[in-house]
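Here are the chains, one letter per residue:
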Amino acid sequence: MLKHFKVDVSRHQLVVDVEFYQMNLASVVEIARTAEPDAFVTDGVFLPSWSKFAANPVKAKGFFTNMLQAVLEGKGGDDSLNVDLQTRRSAKEGMKVAMMFLPGSVLRSEKQDNLKEIVYIAEQALKGFSIVPVYGEEMSNANAEQKVKEAVELAEKTGQHVLILSAGMAQRSFSIPQITELYLAYDTGDNGATIQKMSRTLTPHKVGKVGRVISLSFDPNRDDKFDAMMIETAQNYKKNHGIKDLKQALRDVLRTVDIFKCQADGAVKIEIDEYLEQALARKSIDRVIGKIAPVNELTAAEVSALASGNVDVFRAARKDAAARGKTRLNVVKKKSGATKTDASEKELKLAREMIVTISQNIDIIKFYGDSTIEEAFALIDADGPSIQDDVTEQFGVPYTMVKELVLTNFINRDLLDLKFA
Amino acid sequence: MDKMYCYLWHEKTDVNECKFGERWVKSGLDPRKDCLKRIRDSMAVRKDKFGDTVDPAEVVIWDVTELAQEVGRFKMHGRIDDYIREFVGFRKGTTGEVHSLSAVDMAFKVNEFLKKQNQPLVEAGLSQNQYSAAENVLAAIAEGKRTIVAELCARFGKTIWSGALVKETNAQLTIVASYVLTSFASFKKDLSTFEQFRDFVLVDAGDEDWEDHVQNAIEGGLQAVVFLSMCAGGRRQDKIDFLFGQPVTKLVIVDEADFGVHQVKQSQPLIEARGENDVVVLMTGTNGDKAASIWPVDHYLSVTYPELLMEKHADRLVDQN
């Protein structure tokens, strides 16, 4: 209990509500393909993606034009893309300020030419919008907010909506209160960066503001941009409120945080069972398990052993570290004078990938045995080396390593259990 | 009883000027709402622009009843605002209520003036999430944990929360280190606004004579809070040596810990300088794992934005649990 502070419940009301939308772009891709059959085709394979768009926006001009007009102007006849219908936005809300984050790869083009092309296409496509690009020699993270504020103010005077376009800048310390729609127009990315981007619509403005985060997806079944945040929230909620079952915690999260899938007759809220099914299908839970595994608690020798799948070295290293009371990575000085941690980034990455691999394949263990994973391991142990070798082959990770990591709770059991909920 | 309040606001599109005025709040009225009404009324025929012009969350109010009574201005239109503005300065023109400085700096100066006059400041209240997170970290410190990652989402209210930690731990010297220098303005504003932070002495390690201010504060039994830029150069190492050489317990708050300062060359001077008993809080909005990558972290706390929404809409959970 704190000595000097009390809870002020009125502070809770200052939090801006947020709604998450999954929008399926398949129909505008099809339209683009009708006009241009080789759109989004590479080496004969049709696989639409934002990175392909970013690599050659002029080639995908038809797609991008149709997409912008369908989403922001309701043109083209696909109501599942009409954002005002999906979000139940009415004209009385007045001027709209939207922000769209494009793939970071668009910046790799020479002199950011591809981003300039995208801005040009947007200007041509959306006549009722002022397009405000966040890039260029005169724009920096330090002055982006002020420059965009001025542009928004100017658009207000001329009665135009605003679409802010960014490929990475302005994702932190950038507060434009009027932003109510935030579009994620990239395939995948770092979870932290995605949360930073989504947060651009959470700055308080008028009373009752709702921030709408719209993931523009070529395949919603693989789109996991919201998952890590939801699962992490459920974990925190379970831990802080003494809830036994992570699925119940996730159910509570989804009662207060709305995720919608966009459909022709309006957005439909995704309920817990459907959400879980989708999260499992797109392997989001496995990735979260990898993300939160306490790899940083290991010594360099442990990380190395984990990365190489060598359980004996891993065990020995853990025992050795425990005996010495050392359980963390060190910052060390190299001979050259440079400094870095005593485990390489590559090894840390490999170690996390090892955890994800085990999580993805854990059903092989679970369904071999009885009702619990512990019982399953006991049965496999009793059955001898042939089944263990089989597990090793299927996982690509030694059976003993799998067992060690699961039974010592190094791999988060709550999340593993959620896979079988 | 009727009360005298002062309020401060600025236009969203003009951060270099602000307006400081007074409001006679009648008994029974909510002072904040009444001050917001006054600001809205001041927009005359364009009250509809209020929401576009002013962020209500940024408006600062002060109960200056005691001061108004002491200086004989406790009456409607008593012009206590003019009395205060004479001490603050930066008035635009000779008669207006507009000041030519940012609202953050103006709030800081008003707070410092009121503190010198021994006037009560506003009590800081915490959201449930802030309160619980503070309890969590204090419990960890009590258990002997010394390096803590606090991954706190956007709109959590990290600066006030940090102030609560400083107050509750009673750290004699707090070092707020950051690579993102704009964050210091938020700290300066919030840590000068509230009653609980009255005894904090805020020192910018970029100012002249800052070492004297730190030592005077410590010797005077006050809590020194020092803002330290982690950008390389600028005698950074000398400053670190001076701060960590102080013979007192220290609380180190690394703000935006996943940005710049997560790199070895930025963090290593702090890692090497910290004492065994110094508490380090690596505070970040996202990427807590990145922030933690080179520190010997022994406690991890995270609060996500949906958790803030769950607190706001707790009523949706009550009937079904």
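In this text, all values refer to a predicted model and were calculated from it rather than measured experimentally.

The rules we used
- Residues numbered from 1 in each chain as written.
- Chains lettered and ligands numbered in written order.
- Predicted model: local features only at pLDDT ≥ 70, side-chain atom pairs only at ≥ 80, totals over all residues.
- Helix = DSSP H or I, 4+ residues; strand = E, 2+ residues; numbered from the N terminus.
- Buried ≥ 20, exposed ≤ 12 C-beta atoms within 10 Å, placed from the backbone.
- Contact = placed C-beta atoms within 7 Å.
- Rg over C-alpha atoms; globule rule 2.2 N^0.38 Å.
- Domains from an automatic or database assignment.
- Nonpolar A, V, L, I, M, F, W, Y, C, P; charged D, E, K, R; others polar.
- Axes fitted to C-alpha atoms, helices over the stretch in contact; angles between N-to-C directions.
- Parallel < 35°, antiparallel > 145°, perpendicular 65-115°, else oblique.
- Left-handed = near helix turned anticlockwise from the far one by under 90°.
- Pairing = 2+ DSSP bridges.
- Core = buried A, V, L, I, M, F, W, Y, C linked by C-beta atoms within 7 Å.
- pLDDT = per-residue confidence, 0-100.

### Let's talk about the overall build of chain A
Working step 1: Tallying secondary structure elements over chain A gives 18 helices and 13 strands in all.
Working step 2: The dimensions of chain A, computed from C-alpha atoms along their principal axes, are 75 × 65 × 55 Å.
Working step 3: Burial statistics for chain A: of 421 residues in total, 44% are counted as buried.
Working step 4: Residue pairs at least 24 apart in sequence account for 70% of intrachain contacts in chain A once pairs closer than 6 positions are excluded.

### Re the overall build of chain B
Working step 1: Along its length, chain B carries 14 helices and 12 strands.
Working step 2: Against the compact-globule benchmark of 20 Å for 321 residues, chain B has a radius of gyration of 21 Å, which places it among compact chains.
Working step 3: Along the first, second and third principal axes, the C-alpha atoms of chain B reach 60 × 60 × 35 Å.
Working step 4: By the burial criterion, 45% of the 321 residues in chain B qualify as buried.
Working step 5: Long-range contacts, defined as pairs at least 24 residues apart, comprise 73% of the intrachain contacts of chain B with a sequence gap of at least 6.

### Concerning the domain arrangement of chain B
Accessible area lost when the parts come together is the quantity often used to give the size of an interface.
Residues and elements named next belong to chain B.
Working step 1: Split into domains, chain B comes out as domain 1 (3-116) and domain 2 (128-309).
Working step 2: Once you take the C-alpha centre of each, domain 1 and domain 2 turn out to be 31 Å apart.
Working step 3: Contact residues are listed per partner, giving 7 residues for domain 1 and 6 residues for domain 2.
Working step 4: With 6 residues, the single largest contributor to the side of domain 1 that touches domain 2 is helix α5 (residues 103-116).
Working step 5: A class-by-class count of the residues in the side of domain 1 that touches domain 2 yields 4 nonpolar, 1 polar and 2 charged.

### Considering the packing of helix α8 (residues 227-241) of chain A against helix α13 (residues 305-312) of chain B
Working step 1: Across the interface, α8 of chain A lies against α13 of chain B with an axial gap of 8 Å and an inter-helix angle of 55°. By the angle between their axes, α8 of chain A is oblique relative to α13 of chain B. By crossing handedness, the relation of α8 of chain A to α13 of chain B is classed as right-handed. Contacts between α8 of chain A and α13 of chain B involve Met229, Met230, Thr233, Asn236 and Tyr237 of chain A from the first element and Pro306, Glu307 and Met310 of chain B from the second.
Working step 2: Of the residues that constitute the contact of α8 of chain A with α13 of chain B, the class distribution is 5 nonpolar, 2 polar and 1 charged.

### Notes on the sheet that holds strand β7 (residues 173-178) of chain B
Residues and elements named next belong to chain B.
Working step 1: The strand order across the open sheet built from 7 strands is β8-β9-β7-β10-β11-β6-β12, with neighbouring strands paired in parallel fashion. Looking at which strands have only one partner, the edges of the open sheet turn out to be β8 (200-204) and β12 (299-303). Averaged over all pairs of adjacent strands, the angle between strand axes in this sheet comes to 20°, irrespective of strand direction.
Working step 2: For β8 and strand β9 (residues 223-229), the ladder comprises 5 bridges, and the chain directions are parallel.

### So, unusual backbone geometry
Working step 1: A positive phi is found at histidine 77 of chain B, a non-glycine position, where the angle reads about 60°.
Working step 2: Inspection of the secondary structure puts histidine 77 of chain B in the loop between α3 (65-70) and α4 (80-88).

### Quick notes on the packing of helix α11 (residues 284-292) of chain A against helix α14 (residues 345-366) of chain A
Residue and element names in this part refer to chain A.
Working step 1: Orientation of α11 relative to α14, taken along the N-to-C sense of each, is 145°, at an axis distance of 8 Å. Here α11 and α14 pass one another in a crossing that is right-handed. Here α11 contributes Asp286, Arg287, Ile289 and Gly290 to the contact with α14, which in turn contributes Arg352, Glu353, Ile355, Val356, Ser359 and Gln360.
Working step 2: Looking at the contact of α11 with α14 residue by residue, the class counts come to 3 nonpolar, 3 polar and 4 charged.

### Comments concerning the pairing of strand β2 (residues 17-24) of chain A
Residue and element names in this part refer to chain A.
Working step 1: Along β2, 6 of the 8 residues are buried, which leaves the element largely enclosed by surrounding structure.
Working step 2: Direction of pairing for β2 relative to strand β9 (residues 210-217): parallel, over a ladder of 8 bridges. Bridged to valine 18 within β9 is glycine 211.
Working step 3: Both β2 and strand β10 (residues 258-261) contribute to a ladder of 4 bridges, which runs parallel. Following the sheet pairing, phenylalanine 20 is matched in β10 by isoleucine 259.

### What about the pairing of strand β2 (residues 18-25) of chain B?
Residue and element names in this part refer to chain B.
Working step 1: Among the 8 residues that make up β2, 6 are buried, leaving the element largely enclosed by the rest of the structure.
Working step 2: Alignment of strand β1 (residues 3-9) against β2, held across 7 bridges, turns out to be antiparallel. Residue pairing in the sheet places cysteine 6 in a bridge with glutamate 22 of β2.
Working step 3: Inspection of the sheet shows β2 paired to strand β4 (residues 98-99) by 2 bridges, in the antiparallel sense.

### Remarks on the nonpolar core
Residue and element names in this part refer to chain B.
Working step 1: Formed by 184 residues in total, the largest nonpolar core has its most connected members in Val226 and Leu282.
Working step 2: Once you skip the residues sitting within four places of it in the chain, leucine 282 turns out to touch Ile148, Val149, Ala150, Val254, Ala257, Ala291, Ala292 and Trp295.
Working step 3: Listed in part, the 26 residues of the second largest apolar core include Cys35, Val54, Trp62 and Met106.

### Thoughts on the interface of chain B and chain A
Working step 1: Taken together, the contacts link 52 residues of chain B with 45 residues of chain A.
Working step 2: Elements that contribute at least two residues to the side of chain B that touches chain A include exactly β5 (125-126), α6 (128-142), α7 (158-169), α11 (264-273), α12 (288-292), β12, α13 and α14 (315-318) of chain B.
Working step 3: At 8 residues, the largest contribution of residues to the side of chain B that touches chain A is made by α13 of chain B.
Working step 4: The residue makeup of the side of chain B that touches chain A, split by class, is 21 nonpolar, 17 polar and 14 charged.
Working step 5: Bridging between strand β1 (residues 6-7) of chain A and β5 of chain B involves 2 bridges; their strand directions are parallel.

### Focus on helix α9 (residues 246-256) of chain A
Working step 1: Burial analysis of α9 of chain A places 8 of its 11 residues in the buried class, which makes it a mostly covered element.
Working step 2: Along α9 of chain A, the residues that are buried comprise Leu246, Ala249, Leu250, Arg251, Asp252, Val253, Leu254 and Thr256 of chain A.
Working step 3: Buried residues along α9 of chain A sit in contact with α8, β10, α10 (272-281) and α18 (413-418) of chain A together with α13 and α14 of chain B.

### Brief notes about the sheet that holds β2 of chain B
Residue and element names in this part refer to chain B.
Working step 1: Read across the open sheet, the 4 strands follow the order β3-β1-β2-β4; overall the sheet is antiparallel. The sheet is open, and its two borders are formed by β3 (60-63) and β4, each paired with just one other strand.
Working step 2: Contacts from helix α1 (residues 31-41) reach β1, β2 and β3, with the element oriented near 55° to β1.

### Some words on the confidence of the model for chain B
Working step 1: Scored by pLDDT, chain B comes out at a mean of 89, with 98% of its residues at no less than 70.
Working step 2: Both scores are given for the predicted complex: the pTM is 0.84, the ipTM 0.84.

### With respect to helix α17 (residues 399-407) of chain A
Working step 1: Those residues of α17 of chain A not exposed but buried are Tyr399, Met401, Val402, Lys403, Leu405 and Val406 of chain A.
Working step 2: At the exit of α17 of chain A stands asparagine 409 of chain A, carrying a positive phi of roughly 65°.

### Quick word on the environment of leucine 29 of chain B
Working step 1: Of note, leucine 29 of chain B is situated in the loop between β2 and α1.
Working step 2: Along the chain, leucine 29 of chain B and aspartate 2 of chain B lie 27 residues apart, while their C-alpha atoms are 8.9 Å from each other.

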